[in-house]
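Chain by chain, the residues:
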Amino acid sequence: MANITKKVSWSSRADESGAAGEETALLNGSELSRHLAKIGRLSTVDLEEMTSEEESQRGKPKEIPHNEKLLSLKYESLDYDNIENQLFLEEERRMSYMSFRCLEISRWVVCGLIGFLTGLIACFIDIVVEELAGIKYQVVKENIDKFTEVGGLSISLILWAVLNSVFVMLGSIIVAFFEPIAAGSGIPQIKCYLNGVKIPRVVRLKTLLVKVCGVICSVVGGLAVGKEGPMIHSGAVVAAGVSQGRSTSLKRDFKMFEYFRRDTEKRDFVSAGAAAGVSAAFGAPVGGVLFSLEEGASFWNQMLTWRIFFASMISTFTLNFFLSIYNNNPGDLSNPGLINFGRFESESVAYNLYEIPLFIAMGAIGGLLGALFNILNYWLTIFRIRYVHRPCLQVMEAMLVAAVTATVSFTMIYFSNDCQPLGSEHSEEYPLQLFCADGEYNSMATAFFNTPERSVRSLFHNQPRTYNPLTLGLFTLTYFFLACWTYGLAVSAGVFIPSLLIGAAWGRLCGILLASITSTGSIWADPGKYALIGAAAQLGGIVRMTLSLTVIMVEATGNVTYGLPIMLVLMTAKIVGDYFVEGLYDIHIKLQSVPFLHGEAPGTSHWLTAREVMSSPVTCLNRIEKVGTIVDTLSNTSTNHNGFPVVVQVTGGDEPAKLCGLILRSQLIVLLKHKVFVELARSRLTQRKLQLKDFRDAYPRFPPIQSIHVSQDERECMMDLTEFMNPTPYTVPQETSLPRVFKLFRALGLRHLVVVDDENRVVGLVTRKDLARYHLGKHGLEELQLAQT
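Being a predicted model, the structure only gives us computed values, none of them experimental. (Residues numbered from 1 in each chain as written. Predicted model: local features only at pLDDT ≥ 70, side-chain atom pairs only at ≥ 80, totals over all residues. Heavy atoms only, no water.)

**Some thoughts on the overall build of the protein**
What counts is decided by this rule: Numbering of helices and strands runs from the N terminus, with a helix taken as a DSSP run of H or I at least four residues long and a strand as a DSSP run of E at least two residues long. The buried label goes to any residue with under 20% of its type's maximum accessible area, the exposed label to any with over 50%, and the partly exposed label to all in between, with areas taken from a 1.4 Å probe on protein chains only. Each accessible area value is a Shrake-Rupley result obtained with a 1.4 Å probe; residue values ignore everything except the protein chains displayed when judging cover.
When helices and strands are tallied, the protein shows 28 helices and 18 strands. The buried share of the protein, taken over its 789 residues, is 57%. Counting only carbon and sulfur atoms, one obtains 60% of the accessible surface of the protein, whose full area is about 32200 Å².

This is the structure:
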């Protein structure tokens, strides 16, 4: 076992926004003297054995780490904690009661706008997908019907594969070449954002446009994906944009909602946007609120809950209203969200007490299959990070998956002899006859030759004996591997619907088998209820959500009868799955080396104190500091701090400086940009007093220090930080235990926590990465290595 290792920056490269990383200390070569015998050292690189050649290469950009045992220094934290400096307090004191009431009304207006716009986007995605998919399936169906009689079905296969590949190619190109952050569902990125991590470009307008176009292309392209996951990301982007009253991408400022231009307010609105996205996707406003609570927001209060619920309701209402017009039923607001599970009538799907153990067993199966799915996808993602990181390769892989999906689907349909009668009440959109007799259709085509949402609905509601067991078994096996291969491609796509489809298939299979092994098969009633339980078990086993997913499933099915079974199934799936591996979103967060802070500190960390965890020594600034010193400090690439304790010398001179406040890098940059120097302020009687508006106008893309010119004369000026620093930063004594530090940091949404000695002198600083380094591994408490990636 080893000492705590030095935190070394592998590169001085800053992220795209120009802001520096947040490593606070130990970057100038010092190291902690205390030895921690119980902490294992996890790193793919032994920093102390680097050769001089390797050291010379440190300044070059590195590839994304393909090891979840690294923490990336490129991710910064968000400033959730309000800076209560003199400017802030003066503004708050000047505000009247009516001003506060107007602000509260503005928050409700913003939430209403978020819900409305998210509902519109969901409606647009739904209509475009339905129209394009309808055209594609109609063309392929006519082609198959034509060549079934005359021979030459290989032409139909080529047509299907080409159509799929073209759509997927378009969706993949815009993601891989224009906005890579729009890949996937976006849920892991939004989870990180709401946890307090600044993910570059995650809530940009460009990201939204690429996300919407990308998800349309990937769903129409026949991939094993759903359009529900990306709706959550889309809602979050809408919320981030609307709440700021301007677009930095379009360089348009509407002079609205200026008070909300800070991380604290923006985070609350992004929570509402994520909830509105869930609500639009599943027609589940309560499920959306609970999703934000369970998976997203780190901070919660009653008024925020109400506003988020309002945004969710407006989102569902907007989607229903516009879909009713599209469906020539204006005013009919009974449409659910993007995915319609159909209504489960209580009489046909009633369940008995003796079935509950069967449901729990299905939950365990879902947990096992979910763990297998996550493990396979984990290794596949590592392979992609290592070998498929070029955009052209990513596009080619996406096209390959699209072609393989079409080929496998066609082959399964071609060799299936599961023919079912085409009844008068048959609801299949594109029934394929193939080699079945007249008046019959190929049952395998119902699952494969359809959008995933329609396939789920048919598995839930089609009559018993619609599918034979072999069809369901082969479909489950095939679609499981296709979905696993598809998640992580450079396309915008979600994993909700594929998970539900896999679970519904094996769940219906369980229902059929249970009916066949008993003498009176009717007691097991409709196999659709087992499809519903299987769908919940599979989705729970993959994403590991419990509370929100229970409510989403209950709301989407329109029947509260299954509340208890679904809850038991999801709990079982989570417990079983967690025994083997984490949830899919958590795995992808780890693989990106994001310093994500969970709700609690590691269980065995009470023996660690703030002194062992903190970064030291810390760069401090005097209350009245020389401008040249500030510029040099900010420009120094080896001390990329984002927070600087402000100290004051005690009268007497010999005594060490004591803490009197904290100031952020972003504040210092604004002060330098506006040249708020003491000498200049005295010499110019017309010097404009800096206001909070100046800081809000620069938010969120503060300029880099390299873009600010300071002359040699100005470097000799002094800067008084008294008015701008936070005079009451949170501090802890150096003997504070790690769980206590963690709880303070997490609950208060801090970015910097100052560690002081018994005389209020700064001895260190705790940041997010100092806490995220420690986690529970298989061999107890482990420390992750920090790397600039």
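**A look at the sheet that holds strand 15 (residues 753-756)**
This is how it is decided: Strand pairing is defined by DSSP finding a minimum of two bridges between the two strands. A fitted line through C-alpha atoms serves as each axis, taken over the contacting stretch for helices, and the angle formed by two N-to-C directions is quoted from 0 to 180°.
Ordered in space as 14-15-16, the 3 strands form an open sheet in which the pairing is mixed. Unpaired on one side and paired on the other, strand 14 (731-733) and strand 16 (762-766) mark the two borders of the sheet. Mean inter-strand twist for the sheet, computed between neighbouring axes without regard to direction, equals 30°. As paired strands, strand 15 and strand 16 are joined by 4 bridges and run antiparallel to one another. In the sheet register, V756 faces strand 16, and the bridge partner there is V762.

**Focus: the packing of helix 17 (residues 527-543) against helix 18 (residues 547-557)**
To keep things clear, this is the line we draw: Here roughly perpendicular refers to angles of 65 to 115 degrees, roughly parallel to angles under 35, roughly antiparallel to angles over 145, and oblique to all remaining angles. Definitions for this section: a left-handed crossing has its near helix turned counterclockwise from the far helix by less than a right angle. A right-handed crossing has that turn clockwise. Note on definitions: a residue-residue contact is assigned when non-hydrogen atoms from the two residues lie within 4.5 Å. When residue character is reported, Ala, Val, Leu, Ile, Met, Phe, Trp, Tyr, Cys and Pro are called nonpolar, Asp, Glu, Lys and Arg charged, and the others, Gly included, polar.
Closest axis-to-axis distance for the helix 17/helix 18 pair is 11 Å, and the angle between their directions is 150°. Here helix 17 lies roughly antiparallel to helix 18, going by the angle between them. The interaxial crossing formed by helix 17 with helix 18 has right-handed handedness. For the pair helix 17 and helix 18, contact is made by L532, A536, L539, G540 and V543 and by L549, M553 and T557, respectively. Classifying every residue of the contact of helix 17 with helix 18 gives 6 nonpolar, 2 polar and no charged.

**Looking at empty space enclosed by the protein**
For clarity, the threshold we go by: In the cavity and pocket records, a cavity denotes points on a 1 Å grid over the protein atoms alone where a 1.4 Å probe fits but cannot get out, a pocket denotes an open set with protein on both sides within 12 Å along at least 5 of 7 lines, and lining residues are residues with an atom within 4 Å of a point. Grid points are joined across faces, edges and corners, and a volume is the space filled by probe spheres set on the points.
Counted by the stated rule, this structure contains 7 cavities of 30 Å³ or more. Computed from the structure, the largest cavity encloses a volume of approximately 140 Å³. Considering the residues around the largest cavity, the lining is formed by 15 residues, among which G222, T405, S409, F448 and N450 are closest to the centre. Only helix 4 (153-178), helix 12 (391-415), helix 13 (443-448) and helix 15 (469-486) provide two or more residues apiece to the lining of the largest cavity.

**What about the nonpolar core?**
Where a protein is soluble and globular, its nonpolar side chains tend to be buried together. Put simply, the rule is: Definition of nonpolar core: a set of buried residues of the types Ala, Val, Leu, Ile, Met, Phe, Trp, Tyr and Cys, connected through side-chain atoms within 4.5 Å. All the domain ranges listed were derived from an automatic or database domain assignment.
Ranked by size, the top nonpolar core spans 143 residues in total, and within it I413, F449 and I566 carry the most contacts. Top element by residues in this core is helix 3 (residues 97-150). It accounts for 14 residues. A domain-level breakdown of this core finds at least three residues from each of domain 1 (111-327) and domain 2 (352-396 + 409-592). When residues no more than four places from it in sequence are discounted, the contact partners of I566 are L532, I533, A536, T550, M553 and V554. Ranked by size, the runner-up nonpolar core spans 29 residues in total, among them V627, I663, L668 and I705.

**A word on the pattern of salt bridges**
Condition: We count a salt bridge whenever a side-chain nitrogen from Lys or Arg sits within 4 Å of a carboxyl oxygen from Asp or Glu.
Counted by the stated rule, this structure contains 28 salt bridges. The closest approach of N and O atoms between K227 and D126, which form a salt bridge, is 3.8 Å. Of this pair, K227 sits in the loop between helix 6 (205-220) and helix 7 (229-242) while D126 sits in helix 3, placing them 101 residues apart in sequence. The exposure class assigned to D126 is buried, which follows from its relative accessible area of 10%. Residues E759 and R761 are paired through a salt bridge, measuring 3.4 Å at the closest nitrogen-oxygen approach. Relative accessible area serves as the criterion here: at 35%, E759 is assigned to the partly exposed category. Judged by relative accessible area, which is 23%, R761 ranks as partly exposed. A network of salt bridges, in which partner residues are shared, links E104, R107, R262, E265 and R307.

**Concerning the sheet that holds strand 12 (residues 658-664)**
With mixed pairing, the 3 strands of this open sheet are ordered in space as 9-11-12. Two strands bound the open sheet, and with one partner strand each, they are strand 9 (621-622) and strand 12. When strand 11 (residues 643-648) meets strand 12, the two strands line up antiparallel, connected through 6 bridges. Bridged to V648 within strand 12 is K658.

**Concerning the side chain of S172**
Residue placement: S172 occurs in helix 4. Here S172 falls in the buried class, since its relative accessible area comes to 0%. Among residues more than four places away in sequence, those in contact with S172 are Q394, V395, A398, A490 and V491.

**Points about the confidence of the model for the protein**
Worth spelling out the cut-off: Per-residue confidence from the predictor is reported as pLDDT, which spans 0 to 100.
Confidence in the prediction for the protein averages 81 pLDDT; 85% of positions are at 70 or higher. Note on residues 1-65: pLDDT is under 50 here. Beyond four places in sequence and across chains, it has 155 contacts.

**Topic: the packing of aromatic side chains**
Condition: Pairing of aromatic rings covers Phe, Tyr and the six-membered ring of Trp, with a centre-to-centre limit of 6.5 Å; geometry is then stacked below 30 degrees between planes, edge-to-face above 60, and tilted otherwise.
All chains considered together, the criterion is met by 25 aromatic pairs. Residues F282 and F496 carry aromatic rings whose centres are separated by 5.3 Å and whose planes lie at 55° to one another, so their mutual orientation is tilted. Note that F282 is positioned in helix 8 (residues 263-282) and F496 in helix 16 (residues 496-516), a separation of 214 residues in sequence. Both residues of the pair, F282 and F496, count as buried. When the centroid spacing of 5.1 Å and the interplanar angle of 50° are considered together, the rings of F383 and Y387 count as tilted.

**Observations regarding the environment of P733**
Looking at the secondary structure, you find P733 in strand 14. Taking the C-alpha atoms as reference, P733 lies 7.6 Å from A610; in sequence the two are 123 residues apart. Aside from chain neighbours lying at most four places away, what touches P733 is A610, V755 and V756.

**Thoughts on a nonpolar patch on the surface**
To be explicit about the condition: Without a salt bridge and with relative accessible area above 30%, a residue can belong to a patch; like charges are then joined within 9 Å and nonpolar side chains (Val, Leu, Ile, Met, Phe, Trp, Tyr) within 5 Å.
A surface patch of nonpolar side chains, amounting to about 600 Å² of accessible area, comprises L368, I375, W379, Y579 and F580. Of all the elements in the fold, those that place two or more residues in the nonpolar patch are helix 11 (356-387) and helix 19 (563-580). Counting residues per element, the nonpolar patch draws most heavily on helix 11, which supplies 3 residues. Note that I375 resides in helix 11.

**What about unusual backbone geometry?**
Most peptide bonds adopt trans geometry, and most residues besides glycine take a negative phi value. In the segment running from S616 into P617, the intervening peptide bond is cis, with an omega of -5°. Relative to the elements of secondary structure, P617 occurs in the loop between helix 21 (610-613) and strand 9. Between Y699 and the following residue, P700, the backbone shows a cis peptide bond with an omega angle of 0°. Tracing the backbone through its elements, the reader meets P700 in the loop between helix 25 (692-698) and helix 26 (712-715). The backbone of R544 shows a phi angle near 65°, a positive value even though the residue is not glycine.

**Thoughts on the pairing of strand 18 (residues 780-787)**
Burial runs high along strand 18: 7 of the 8 residues are buried. Sheet topology note: the strand 2 (residues 70-72)/strand 18 ladder contains 3 bridges and is parallel. Bridge pairing in strand 18 places S72 opposite A787. Relative to strand 18, strand 17 (residues 774-777) is paired through 4 bridges, and the arrangement is antiparallel. Each residue of the ladder has a partner; that of G777, found in strand 18, is G780. The antiparallel hairpin formed by strand 17 and strand 18 contains 2 residues in its connecting segment.

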